[in-house]
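So the chains spell out like this:
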Amino acid sequence: MDFSKIIKEHGASVRQVIKSVTNEHNEDLEQEVYLRVYKNSDKYQAIGSFKSWICTIARNISKDYLKSAAYRMEQPANDDENDIITSIKDKKSNPETEFVSKLRQKRIIKAIHNLKPKFKEVIILAEIEGLSYEEISKKIKVPLGTVKSRIYNAKKQLAEDLADLL
């Protein structure tokens with residue numbers, strides 16, 4: 001696949017889909033689309049047009065972005081000043097906060113590691129790799145409802161194990 005040709009021919013369509021779903025121009029999402037096209041180029045079947053395939057990828061990535069924690073962190077919950085103030089990140093870091101943060105990360109990683117294998121698999125795919133439930137279902141070859149159930153149970157177990165961090 002000649003990606004410079006793909007970007008030249010379909011770049012405007014990809015940007016339009018991202019803009020229509022997210023209401024913003026987002027180059028990171030655009031790059032993610034081309035990365036996904038590259039990774040899944042062997043799965044493309046010439047049943048429909050290539051343009052509709054790449055636009056579907058762009059739409060799905062944009063929807064996943066809107067569901068992501070990164071997007072929600074950027075958006076203030078409402079205009080209440082307290083919510084806005086608490087959403088501002090502290091730009092100053094010190095050894096104590098970095099140490100506490102690293103301890104917290106280690107606890108979370110350990111809690112994920114201690115999950116049952118089927119729960120650990122879906123939580124890593126969903127929360128760390130950022131796959132949608134549908135993508136996880138296809139990847140591990142289980143029904144969508146099973147994926148949802150496993151993620152729910154994994155999050156429930158993590159919430160119990162990490163209750164003092166919440």
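Sequence order sets the numbering: in each chain, residues are counted from 1 along the sequence as written. Reporting in this predicted model follows two pLDDT cut-offs: at least 70 for local features of residues, and 80 or more for side-chain atom pairs to be given and counted; totals over whole chains, interfaces and linings ignore these cut-offs and use all residues. Each side-chain value is derived from all of the structure's non-hydrogen atoms; neither hydrogens nor water enter the calculation.

A. Focus on the overall build of the protein. Secondary structure summary: the protein contains 9 helices and 0 strands in total. When the helices and strands of the protein are listed from N to C terminus, the series reads α-α-α-α-α-α-α-α-α. A simple rule labels every residue: compare its accessible area, found with a 1.4 Å probe on the protein chains alone, to the largest value its type can have, and call it buried under 20%, exposed over 50%, or partly exposed in between. In the protein, which comprises 166 residues, the share counted as buried stands at 29%. Total accessible area computed for the protein in this model is approximately 12,100 Å², and 54% of it derives from carbon and sulfur atoms. Numbered from the N terminus, helices here are DSSP runs of H or I no shorter than four residues, and strands are runs of E no shorter than two. Here the Shrake-Rupley method, with its probe set to 1.4 Å, supplies the accessible areas, and only the displayed protein chains count as covering residues.

B. Focus on the packing of helix 1 (residues 3-22) against helix 2 (residues 27-39). For the pair helix 1 and helix 2, the least separation of the axes is 9 Å and the interaxial angle reads 130 degrees. One element, helix 1, and the other, helix 2, form an angle in the oblique class. Helix-helix and strand crossings are classified by hand; for helix 1 and helix 2 the assignment is right-handed. Facing helix 1, whose interface residues are Phe3, Ile6, Ile7, His10, Gly11, Val14, Arg15, Ile18 and Thr22, helix 2 presents Leu29, Glu30, Val33, Tyr34, Val37 and Tyr38. Under the convention adopted here, Pro, Cys and the residues Ala, Val, Leu, Ile, Met, Phe, Trp and Tyr are nonpolar, Asp, Glu, Lys and Arg are charged, and Gly plus all remaining residues are polar. A breakdown of the residues in the contact of helix 1 with helix 2 according to their chemical character gives 10 nonpolar, 3 polar and 2 charged. Throughout, an axis means a line fitted to C-alpha atoms (over the contacting stretch in the case of helices), and angles, computed between N-to-C directions, take values from 0 to 180 degrees. Roughly parallel here means an angle under 35 degrees, roughly antiparallel means over 145, roughly perpendicular means 65 to 115, and every remaining angle is called oblique. Each crossing gets its hand from how the near helix is turned against the far one by less than a right angle, where anticlockwise is left-handed and clockwise is right-handed. In what follows, a contact means two residues having at least one pair of non-hydrogen atoms within 4.5 Å.

C. Quick peek at helix 8 (residues 133-140). When we look at burial in helix 8, the residues that qualify are Ile136, Ser137 and Ile140. Seen along its axis, helix 8 keeps its buried residues to an arc of 100 degrees; they face one direction. The secondary structure elements touched by the buried residues of helix 8 are helix 7 (117-128) and helix 9 (144-161). What the arc measures is the spread of directions leading from the helix axis to the C-beta atoms.

D. Spatial organisation of the packing of aromatic side chains. Two aromatic rings from Phe, Tyr or Trp, using only the six-membered ring of Trp, form a pair when their centres are within 6.5 Å; if the ring planes differ by under 30 degrees the pair is stacked, by over 60 it is edge-to-face, and anything between is tilted. Going through the model one piece at a time under the given rule, you end up with 1 aromatic pair. Taken together, a centroid distance of 5.5 Å and an interplanar angle of 50 degrees make the contact between Phe50 and Trp53 tilted. In this pair, Phe50 and Trp53 are both assigned in helix 3 (residues 50-67), 3 residues apart and thus about one turn of the helix distant. Assessed through its relative accessible area of 16%, Phe50 is described here as buried.

E. Expanded view of the environment of Arg15. Summarising the element assignment, Arg15 is placed in helix 1. With a relative accessible area of 36%, Arg15 lands in the partly exposed category. With near-sequence residues (within four places) excluded, Arg15 lies in contact with His25 and Glu30.

F. Focus on helix 2. How far a helix is expected to stretch is found by multiplying one less than its residue total by 1.5 Å. With 13 residues, helix 2 should cover 18 Å at 1.5 Å per step; its first-to-last C-alpha distance of 18 Å lies within 8% of that length. When we look at burial in helix 2, the residues that qualify are Leu29, Glu30, Val33, Tyr34, Arg36 and Val37. One side of helix 2 holds all its buried residues, which, seen down the axis, span an arc of 160 degrees. For helix 2, exposure combined with an orientation more than 90 degrees from the buried face picks out Glu27, Asp28, Gln31, Tyr38 and Lys39. In the core, the buried residues of helix 2 are packed alongside helix 1, helix 3 and helix 8. Residues adjacent in sequence count toward polar contacts only when both atoms are side-chain atoms; beyond that, a polar contact is any pair of N or O atoms within 3.5 Å, and within protein one must be able to donate a hydrogen and the other to accept it. One side-chain oxygen at the N-terminal end of helix 2 lies 3.0 Å from the backbone nitrogen of Asp28; it belongs to Asn26.

G. Fine view of a nonpolar patch on the surface. Like-charged residues within 9 Å of one another, or nonpolar side chains (Val, Leu, Ile, Met, Phe, Trp, Tyr) within 5 Å, are grouped into patches, provided each residue has over 30% relative accessible area and no salt bridge. Put simply, a salt bridge is a Lys or Arg side-chain nitrogen that is within 4 Å of an Asp or Glu carboxyl oxygen. On the surface, Phe99, Val100 and Leu103 cluster together to form a nonpolar patch covering roughly 290 Å² of accessible area. Inspection of the secondary structure puts Leu103 in helix 6 (residues 95-113).

H. A look at the side chain of Ser62. The residue Ser62 is located in helix 3 in this model. The contact partners of Ser62, leaving out residues within four places of it in the chain, are Ile18, Val21, Thr22 and Leu29.

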